[in-house]
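So you can see what is in the structure, the chains are spelled out below.
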Amino acid sequence: MKEITPRGQDYSQWYLDVVLKTDLADYGPVKGCMVIKPYGYAVWEHMQADMDRRIKETGHVNAYFPLFIPKHYLEKEKEHVEGFSPQCAWVTIGGGEELEEPLAIRPTSEALICSMFAKWVKSWRDLPVLMNQWANIVRWEKVTRPFLRTTEFLWQEGHTLHATEQEAEQETLKMLGVYKSFSEEILAMPVVRGQKSESEKFAGALRTYSIEALMGDGRALQAGTSHNLGQHFATAYGIEYLDKNQQRALPWSTSWGTSTRMVGGLIMTHGDDAGLILPPRVAPYQVVIVPIPPRKGDWSEAVLPKAREVMAALRGAGVRTHLDDRDTQQPGFKYADWEMRGVPIRLEIGPKDIEKDQCVLVRRDTREKAFVPLAGLAASVRERLEGMQRDLLERARRFVSDNTTHVTSYESFKQVMADKRGFLVAGWCRNAECEARIKEETKATVRCMPLDVAAEPGPCVRCGQPSPAQVYFAQAY
Ligand SMILES: [Zn+2]
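Residues numbered from 1 in each chain as written. Predicted model: local features only at pLDDT ≥ 70, side-chain atom pairs only at ≥ 80, totals over all residues. Heavy atoms only, no water.

S.K.: Give me the coordination of the zinc ion: which residues, what numbers.
M.R.: Geometry sets the ideal angles at a metal, namely 109.5 degrees for four tetrahedral donors and 90 or 180 degrees for six octahedral donors. Listed as protein donors to the zinc ion are C429 (SG), C434 (SG), C460 (SG) and C463 (SG); their distances from the metal cover 2.3 to 2.4 Å. Of note is the zinc ion, whose four donor atoms meet at the metal with angles of 105 to 116° in an arrangement that counts as tetrahedral. Sequence spacing among the residues donating to the zinc ion works out to C-x4-C-x25-C-x2-C. A residue pair is termed long-range when its members are at least 10 positions apart, and C434 in helix 15 (residues 432-442) and C463 in the loop between strand 23 (458-459) and strand 24 (466-467) qualify at 29 residues. (Donors = N, O, S within 2.8 Å, 3.2 Å for Na, K, Ca; no water. Tetrahedral: all angles 85-135°; square planar, octahedral: opposite > 155°, others 65-115°. Helix = DSSP H or I, 4+ residues; strand = E, 2+ residues; numbered from the N terminus.)

S.K.: Mind laying out the pairing of strand 5 (residues 89-94), listing which residues take part and the relevant values?
M.R.: Two faces make up the sheet, and in a regular strand the side chains alternate between them. In terms of strand pairing, strand 5 meets strand 6 (residues 97-105) through five bridges, oriented antiparallel. Among the inter-strand pairings, V91 is bridged to a residue of strand 6, identified as L103. In this structure, the hairpin formed by strand 5 and strand 6 is closed by a connection of two residues, where G95 is found at a positive phi of approximately 60°. (Pairing = 2+ DSSP bridges.)

S.K.: Can you explain the layout of surface pockets? Please cite residues and give values.
M.R.: Approximately 1,400 Å³ is the volume attributed to the largest pocket. The wall of the largest pocket is formed by 48 residues, among which R139, E141, R149, Q222 and R261 lie closest to the centre. Those elements that place two or more of their residues in the lining of the largest pocket are helix 4 (78-84), strand 8 (152-162), strand 11 (220-228), strand 14 (252-259) and strand 22 (445-450). Here the lining of the largest pocket is composed, by residue class, of 14 nonpolar, 19 polar and 15 charged. (1 Å grid on protein atoms, 1.4 Å probe; cavity = no way out; pocket = protein on both sides within 12 Å on 5 of 7 lines; lining within 4 Å. Points joined across faces, edges and corners; volume = space filled by probe spheres on them. Nonpolar A, V, L, I, M, F, W, Y, C, P; charged D, E, K, R; others polar.)

S.K.: Run through the pattern of salt bridges, naming residues and quoting values.
M.R.: Taken as a whole and assessed by the stated rule, the structure comprises 36 salt bridges. Between K306 and E309 there is a salt bridge, and its shortest N-O distance comes to 3.0 Å. Taken together, the residues K306 and E309, both in helix 10 (residues 304-316) and three residues apart, mark about one turn of the helix. Across the pair E339 and R367 runs a salt bridge, and its minimum N-O distance is 2.8 Å. Highlighted residues: E339 in helix 11 (residues 331-340) and R367 in the loop between strand 18 (358-363) and strand 19 (369-373), separated in sequence by 28 residues. Where salt bridges share partners, they join D23, K37, D324, R326, K334, D337 and R341 into one cluster. (Salt bridge = Lys/Arg side-chain N within 4 Å of Asp/Glu carboxyl O.)

S.K.: If you had to explain the side chain of H60 to someone new, which residues and values would you point to?
M.R.: Mapping H60 onto the fold places it in the loop between helix 2 (38-57) and strand 3 (61-62). The exposure class assigned to H60 is buried, which follows from its relative accessible area of 2%. In this structure the side chain of H60 is engaged in a polar contact, spanning 3.1 Å, whose partner is the side chain of T58. (Buried < 20%, exposed > 50% of the residue type's maximum accessible area, 1.4 Å probe, protein only. Polar contact = N/O pair within 3.5 Å; in protein donor to acceptor, adjacent residues only side chain to side chain.)

S.K.: Can you break down the nonpolar core residue by residue, with the values?
M.R.: Of all hydrophobic cores here, the largest spans 51 residues; its most connected members are Y15, M47, F147, L187 and I267. What M47 contacts, discounting residues up to four positions off in sequence, is F182, L187, M262, V263 and V282. In this structure, L127, L229, A234 and Y241 belong to the second largest nonpolar core, which totals 27 residues. (Core = buried A, V, L, I, M, F, W, Y, C linked by side-chain atoms within 4.5 Å. Contact = heavy atoms within 4.5 Å.)

Encoded structure:
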């Protein structure tokens, strides 16, 4: 059996063991580039399908834009290019010849998409533009970790244009809300939503909002961002239209994205020392059937036909089911193997169960074991899957609340950050220099200025200057 390092011994090794040993991903030949293996890609596909549905339900349409961005396009928005150039990969040779102008491999697509919008949008009738693309992105990262920070990753990026500032702000917050409900309903990963500080906002944005999740080791993970870009990009890329009064006007734009990083979030929100725990809604297999061979005789006669019948019934009822009929492995090995891979329900069936018209169901998260009649099995399974999806979110919520500490003194701030980490809720003066000092001294950054918490004015936890409302601090991935 493949060993997984216990979380308490080395959390970061535990994470890598889970990713590699459960076949979610492997390292590619170029540093920081991962191969998403079929099991991991199936998880991503379930996430992608649900996110895509939500994006379309909120009125957006999908399109696809090119991978290459001419250098001078990227340079049009000053803050944007400053923010992204250090991470850019450039193509300088094509077809054996030096290119006249280097091409950036997209680190994000505002530059290109806004340039196309400038060509397409002429009149107030063309607004709003509500577009999304699913694509790969390249950012040259120094420190990488599968799913969490990779040089190439997959994501969706929404890009919209609106006639008014208010509409753009509503759109930015609407998509933040879509990300929050996706994260909680599908990944069972509770998040805090809020606004980023000036130093943490997207390069070129007016305001950036994010959803922040808390991982098993007490570090935060920014799991999605939504930006109100103001009129910065419309100005830089020359997007102009005639309004209802035939006056020239600049639209307001937004962009928002979530990526394969969320798979990392999923692993660290739910996993335990035995490996992965997958929420049923994104599990490639929701049920794995492990047939138990008879003491004597041929299992292909005594057990397998019934096991196949059970699989067909479950699949017919829409439950993603896999039959582990490998005859090279013992049931005990299979139990441990599927447990490590985080399959929500293991279904055991042997000759004695068949005699009694029953089977055994074992839940991955609680390891709760139940004998269940084969009649009406799909309903029992579905009930357990829903229960597990609910319980995982509840358990994760408890973890977040147990690891969220309100602090008023800098001494206790430093103490908690050193001892158990987690979210620290405290006053902050909104001064970037003070924020930088806190980061230097405690490795904690302002994760967000929360939207769902009533503002409590008070002193800044570090310098004592007035703070308009408390913010969330954490060490982050
Ligand atoms: Zn301060």
